[in-house]
Amino acid sequence: MKTSTNHFSVRLAVSTALLLLFCIGRASAQSDYTAITVDNGGTITGTVKWSGASPKAPKLPITKDASVCDPESHKVRDLERLEVGADGGVANTVVFLKDITKGKPMDLPDTRQHLDQRNCRYVPHILLIPQGGNLQAKSSDPVLHTVHMTGAASNNIPFPMQNQAIPINLPRAGVVELKCNAGHVWMNAEILIVKHPYYAVTDEHGFFKLSDVPPGEYEIEAWHEGWQNMSEESVLDVAAQVRVKRPVYSAPETWAKKVSVKPGETAEVNFAIAANRNIVAASTH
């Protein structure tokens, strides 16, 4: 009996220590950024543009559940890894301030925190979730999908029922890649789990805006997911129980600039991306 009691005490002590470390870790992560009232803040605007010949968008054949995934009979699906508009604007580029420690409270767009699986696409393609917050995920499709996560979060959550909604907690900051393990190999998206609200996703014109920025000197960074198909991986289609080939994409690219934010004024930062994936021009006004 005494031995059993000792073992229990040891287990209790270990569990308590692990819980304490977990709480300290969470507190440390949350203390990296402090929300304050921003008086007479500035604004940063700009664009991300494509330079040179328009790139060829990679596409994959739609090989499964065509009535749901391809209602307009296109036969192929654009992977949406690189969206360049008619005016050269690069959509779905994430622009953010690096290492900012205090500023406005979290106000990330609600639409970037909700994921839908619709016509065998992840919508939206780029998501922004506060560290420790929940991704609100659902599937509008009447077929099996999964949200397979790799990176800052590792998970594989099935959605066997139409309009089923599941909150997914994301405690660790970083990038999460999403793919489907139910045979829809073209499905892909990216989540950025972030510590502060100074993040924006460029629109179809490549435009972004960061508001209520405390005056000061900052480094601003543009992040874009990799858009090249580098190889293939063999994965199990959990619905059909057969192995299928799925793309493996190139690594994300980032580019940084300095920007000075003055009280009540607007600073402009513009990026241009070339076919070799290097920034060929960047201007700050």
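In case you missed it, the structure is sitting above this.
Residues numbered from 1 in each chain as written. Predicted model: local features only at pLDDT ≥ 70, side-chain atom pairs only at ≥ 80, totals over all residues. Heavy atoms only, no water.

Caption draft 1: The overall build of the chain, seen in detail. The secondary structure content of the chain amounts to two helices and 25 strands. For the chain, the proportion of its 285 residues judged to be buried stands at 43%. Long-range contacts, defined here as pairs at least 24 residues apart, represent 68% of the contacts in the chain between residues at least 6 apart. (Helix = DSSP H or I, 4+ residues; strand = E, 2+ residues; numbered from the N terminus. Buried < 20%, exposed > 50% of the residue type's maximum accessible area, 1.4 Å probe, protein only. Contact = heavy atoms within 4.5 Å.)

Caption draft 2: Broad picture of the pairing of strand β22 (residues 242–249). Across eight bridges, the pairing between strand β21 (residues 229–237) and β22 is antiparallel. Along β22, the bridge assignment pairs Glu-233 with Arg-246. Turn length for the β21-β22 hairpin, with the two strands adjacent in sequence and antiparallel, is four residues, and the turn residue Gln-241 shows positive phi of about 55°. (Pairing = 2+ DSSP bridges.)

Caption draft 3: Structural view of the sheet that holds strand β12 (residues 134–139). Ordered in space as β10-β9-β12-β15, the four strands form an open sheet in which the pairing is mixed. Strands at the two margins of the open sheet, each flanked by one partner only, are β10 (121–123) and β15 (165–169). Neighbouring strand axes in the sheet, compared pairwise and without regard to direction, differ in orientation by 25° on average. (Axes fitted to C-alpha atoms, helices over the stretch in contact; angles between N-to-C directions.)

Caption draft 4: Geometry of the packing of aromatic side chains. Applying the stated criterion across every chain yields a total of two aromatic pairs. Ring geometry for Trp-50 against Trp-227: centres 5.8 Å apart, planes inclined by 70°, an arrangement best described as edge-to-face. Taken together, the residues Trp-50 in strand β2 (residues 42–51) and Trp-227 in the loop between β20 (216–224) and β21 connect sequence positions 177 residues apart. You'll find Trp-50 and Trp-227 in the same group, each marked buried. Ring geometry for Phe-96 and Tyr-199: centres 4.8 Å apart, planes at 10°, overall stacked. In this pair, Phe-96 sits in strand β7 (residues 94–98) while Tyr-199 sits in strand β18 (residues 199–201), placing the two residues 103 residues apart along the sequence. Tyr-199 carries the same exposure label as Phe-96, and that label is buried. (Phe/Tyr/Trp six-rings, centres within 6.5 Å; stacked < 30°, edge-to-face > 60°.)

Caption draft 5: The arrangement of the side chain of His-224 in detail. Position of His-224 among the secondary structure elements: in strand β20. We classify His-224 as buried; its relative accessible area is 0%. Ignoring any residue separated from it by four or fewer positions in sequence, one finds His-224 in contact with Arg-81, Leu-82, Val-90, Ala-91, Asn-92, Thr-93, Pro-252, Glu-253 and Trp-255.

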